[in-house]
Amino acid sequence: MRLSPAEVQETASFYAHFRLLDDHEAAPAAVLRRCTGPACSMRPLDLGALPDGVMVEDVPCTGLCDHAPVALAGKVPVRRADAAKVARALAEPYSPPMPSGESFPVLDRCLSGELPRDEALTELERAGLRGMGGAGFPTARKWRSVAAQPGPRLVVVNADEGEPGTFKDRWFLENHAAQVLEGALIAAWAVEADEVYLYLRDEYADLHKGLATLIRDLPGDITIHLRRGAGAYVCGEESALIESLEGKRGLPRQRPPYVAEVGLFGRPTLVNNVETLYWVSRLLAEGAELFGNEGRNGHHGLRTYSVSGRVKEPGVKIAPNGITVSELIDEFCGGMEDGHVLAAYLPGGASGGFLPARLQPPLAFGAIEEHGGFIGSAAVVVFSQADDLRAVALNLARFFAHESCGQCTPCRVGTAKSVGLLAGPAWDRDLLDDLAGVMRDASICGLGQAAPNVWQSLFRHFPEVVT
Ligand SMILES: Cc1cc2nc3c(=O)[nH]c(=O)nc-3n(C[C@H](O)[C@H](O)[C@H](O)COP(=O)(O)O)c2cc1C
Ligand code: SF4
């Protein structure tokens, strides 16, 4: 394959789901991954006695926060896990969920010429659809930039969802896979790409078979390649994802992927999130009016919130864009758990920083920045008086240190240093401010730039907790 041992070694050692074995060392009989995400940490999982040869790994968020505590027994997700369910999952054969036959009405209209390209793009603009992977870039504008690059072009579906607290993309792939794939094929048609790559995070390996079946039966000439990640959060960043698809370590690049020289295989590449593509299909089926008056508190449209933590009914909630956290909890989540009062929340997962209950900005793009955070992929994790925010912050800092790709010094060294500082009895504000400044200013990608939100938001909104 014309690969040097160093290239193999650096790639194999980069991904958490690859295992390097010494000569004659046997692979474990089974791997049990116990989730340590923010919601699962509220409900610690006691595994009891496990069969011989099972290797237990504590891992970052597994993307099922509404079913905490969660474990992955090999490929099998164990929801609301306890020792008995885990033992069963390790022992019994598993049948993955399979989607049934689907139709693709919007795609048919696109391919037959009934819906012209420009009309489709205008409709997405009228709806104001923005990227749901976290950055919120206007979808139609991105499609136009990609289409303006010389072909051949590619489309990538980003199903690497790894932000702690986010689980909406899993839900869309479980419940609306056909609409997501239809959205991907419409995107490919709109930018005139003839191939699509779907990059599925390895924690969702149980969905692989069902997706492969659905893809096999798709209409049209566009090829969809289904690829599995190998356990690296940073590969959700679009340029790292492209590196990973090319078989390398997931090191983010510094240019947008629609420019040919940094796109996948040197081709201009459109990267869209799973949820974005779901909305493409639904908006073009139902019209931009679907988003018309649905927003709340001055915002527009619908969006999905992954709600977890101390609420009665956690889950994926399709709700008015711009809803506040208390509206979301009371109207969509059955209220707070008994005995718990809202104290704090993460509006946008680990990266978006903490907010206190007294601050209730609209949960929408651009509305949280004035408080020092952001909505990102709308992973709303709810904490109560029972939660130790310093301990949560340390957990999240460990996550970033674990997931830093190591390419740039501010992030590689900064995330490791932050863990040491946050683990101490008193937080050194001057030092942590200084560290945050360097990481924000000088890190290459969003991981290193956003990691300081963890402690900076506690200094800003919860001084009583950290001093
Ligand atoms: C550290 C990091 C992790 C990311 N993880 C994801 C992810 O898991 N899924 C995703 O769709 N976008 C993720 N993104 C955003 C992508 O880079 C990109 O903006 C997105 O896939 C574009 O699709 P969209 O316009 O449909 O949102 C991440 C960004 C960063 C900086
Ligand atoms: S900021 Fe962190 S994750 Fe991003 S390129 Fe630098 S070291 Fe890698």
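Criteria and thresholds
Residues numbered from 1 in each chain as written. Chains lettered and ligands numbered in written order. Predicted model: local features only at pLDDT ≥ 70, side-chain atom pairs only at ≥ 80, totals over all residues. Heavy atoms only, no water. Near = heavy atom within 4 Å. Polar contact = N/O pair within 3.5 Å; in protein donor to acceptor, adjacent residues only side chain to side chain. Areas by Shrake-Rupley, 256 points an atom, 1.4 Å probe, with all protein chains shown as cover. Helix = DSSP H or I, 4+ residues; strand = E, 2+ residues; numbered from the N terminus. Pairing = 2+ DSSP bridges. Axes fitted to C-alpha atoms, helices over the stretch in contact; angles between N-to-C directions. Salt bridge = Lys/Arg side-chain N within 4 Å of Asp/Glu carboxyl O. Buried < 20%, exposed > 50% of the residue type's maximum accessible area, 1.4 Å probe, protein only. Contact = heavy atoms within 4.5 Å. Domains from an automatic or database assignment. Buried area = accessible area lost by both parts, 1.4 Å probe. Parallel < 35°, antiparallel > 145°, perpendicular 65-115°, else oblique. Nonpolar A, V, L, I, M, F, W, Y, C, P; charged D, E, K, R; others polar. Core = buried A, V, L, I, M, F, W, Y, C linked by side-chain atoms within 4.5 Å. Expected span 1.5 Å × (residues − 1). Phe/Tyr/Trp six-rings, centres within 6.5 Å; stacked < 30°, edge-to-face > 60°.

Let's talk about the site of ligand 1
Then comes step 1: Around ligand 1 sit 18 residues, and of these Gly-133, Lys-142, Asn-272, Asn-273 and Thr-276 come closest.
Then comes step 2: Contact distances for ligand 1 include 2.8 Å between an oxygen atom and a side-chain N or O atom of Lys-142.
Then comes step 3: In the environment of ligand 1, an oxygen atom lies 3.4 Å from a nitrogen or oxygen atom belonging to the backbone of Val-271.
Then comes step 4: When isolated, ligand 1 has an accessible area of 610 Å², and the protein chains bury 88% of it.
Then comes step 5: Residue assignment for the shell around ligand 1 shows that the elements contributing at least two residues are β8 (269–273) and α16 (446–450).
Then comes step 6: Tallying contributions element by element places β8 first for the shell around ligand 1, with three residues.

Topic: the sheet that holds strand β1 (residues 30–35)
Then comes step 1: A sheet is described by the order of its strands in space; here four strands give the open sequence β2-β1-β3-β4, paired in mixed fashion. Pairing within the sheet leaves two strands with one partner each, and these edge strands are β2 (54–59) and β4 (76–78). Strand-to-strand, the axes of this sheet are offset by a mean angle of 25°, without reference to chain direction.
Then comes step 2: Bridge count between β1 and β2: six bridges; the pairing is parallel.

So, the pattern of salt bridges
Then comes step 1: Summed over all chains, the structure comprises 30 salt bridges.
Then comes step 2: Across the pair Asp-206 and Arg-170 runs a salt bridge whose closest N-O atoms are separated by 2.9 Å. Of this pair, Asp-206 sits in the loop between β6 (193–200) and α9 (208–216) while Arg-170 is found in helix α7 (residues 168–175), placing the two residues 36 residues apart along the sequence.
Then comes step 3: Its relative accessible area of 3% is what places Asp-206 among the buried residues.
Then comes step 4: As a salt-bridge pair, Glu-243 and Arg-253 come within 2.4 Å of each other at their nearest N and O atoms. Separated by 10 residues along the polypeptide, Glu-243 in helix α10 (residues 238–245) and Arg-253 in the loop between α10 and β8 bring together distant segments of the chain. The burial state of Glu-243 is the same as that of Arg-253; both residues are buried.

Examining the sheet that holds β6
Then comes step 1: Spatially, the four strands line up as an open sheet ordered β7-β6-β5-β8, and their pairing is parallel. The open sheet has two free edges, formed respectively by β7 (223–228) and β8, since each of these has just one partner strand. Each strand of the sheet is rotated relative to its neighbour by a mean of 20°, with strand direction disregarded.
Then comes step 2: As defined by bridge partners, strand β5 (residues 153–159) adjoins β8 across five bridges and the pair is classed as parallel. Looking at β8, one finds that Leu-154 is bridged to Thr-269.
Then comes step 3: The sheet strands contacting helix α6 (residues 139–148) are β5 and β8, and the helix crosses β8 at an angle near 160°.

Some thoughts on the domain arrangement of the chain
Then comes step 1: The domains assigned to the chain are domain 1 (5–91), domain 2 (106–288), domain 3 (302–384) and domain 4 (389–466).
Then comes step 2: With 20 residues of domain 2 at the contact, the number on the domain 3 side is 18 residues.
Then comes step 3: In this assembly, domain 2 packs against domain 3 so that about 1400 Å² is buried in total across both faces, 67% of it on carbon and sulfur atoms.
Then comes step 4: The interface formed by domain 2 and domain 3 includes zero salt bridges.
Then comes step 5: The tally of links from domain 2 across to domain 3 stands at seven residue pairs in polar contact (both at pLDDT 80 or more).

Section: the packing of α6 against helix α8 (residues 177–191)
Then comes step 1: In the contact formed by α6 and α8, the axes pass within 9 Å of each other and the chain directions differ by 45°. The angle between α6 and α8 places the two elements in the oblique class. For the pair α6 and α8, the contacting residues are Trp-143, Val-146 and Ala-147 in the first and Ile-186, Ala-187, Ala-190 and Val-191 in the second.
Then comes step 2: For the contact of α6 with α8, the class distribution of residues is seven nonpolar, no polar and no charged.

What to know about the nonpolar core
Then comes step 1: Grouped together as the largest cluster of nonpolar side chains are 76 residues, with contacts concentrated most on Trp-143, Ile-186, Trp-279, Tyr-305 and Leu-363.
Then comes step 2: Counting residues in each nonpolar core, the second largest holds 52 residues, with Cys-405, Cys-408, Leu-421 and Cys-445 among its members.

Focus: helix α15 (residues 429–442)
Three- or four-residue spacings in an α-helix give side chains the same orientation, since the helix completes a turn every 3.6 residues.
Then comes step 1: For α15, which comprises 14 residues, the first-to-last C-alpha distance of 20 Å matches the rise-based estimate of 20 Å (1.5 Å per residue) to within 8%.
Then comes step 2: Residues of α15 that are buried in the fold lie against α14 (409–423), α16 and α17 (453–461).
Then comes step 3: Two or three places before Asp-430, at the start of α15, stands the capping residue Asp-428, its side-chain oxygen 3.3 Å from that residue's backbone nitrogen.

As for the packing of aromatic side chains
Then comes step 1: Tallied over the full model, the rule gives 12 aromatic pairs.
Then comes step 2: Taking 5.2 Å as the distance between ring centres and 65° as the angle between the ring planes, the aromatic pair formed by Trp-279 and Phe-291 counts as edge-to-face. Of this pair, Trp-279 sits in helix α11 (residues 274–286) while Phe-291 sits in the loop between α11 and β9 (302–309), and the two are 12 residues apart along the sequence.
Then comes step 3: Residue Trp-279 is classed as buried on the basis of its relative accessible area of 0%.

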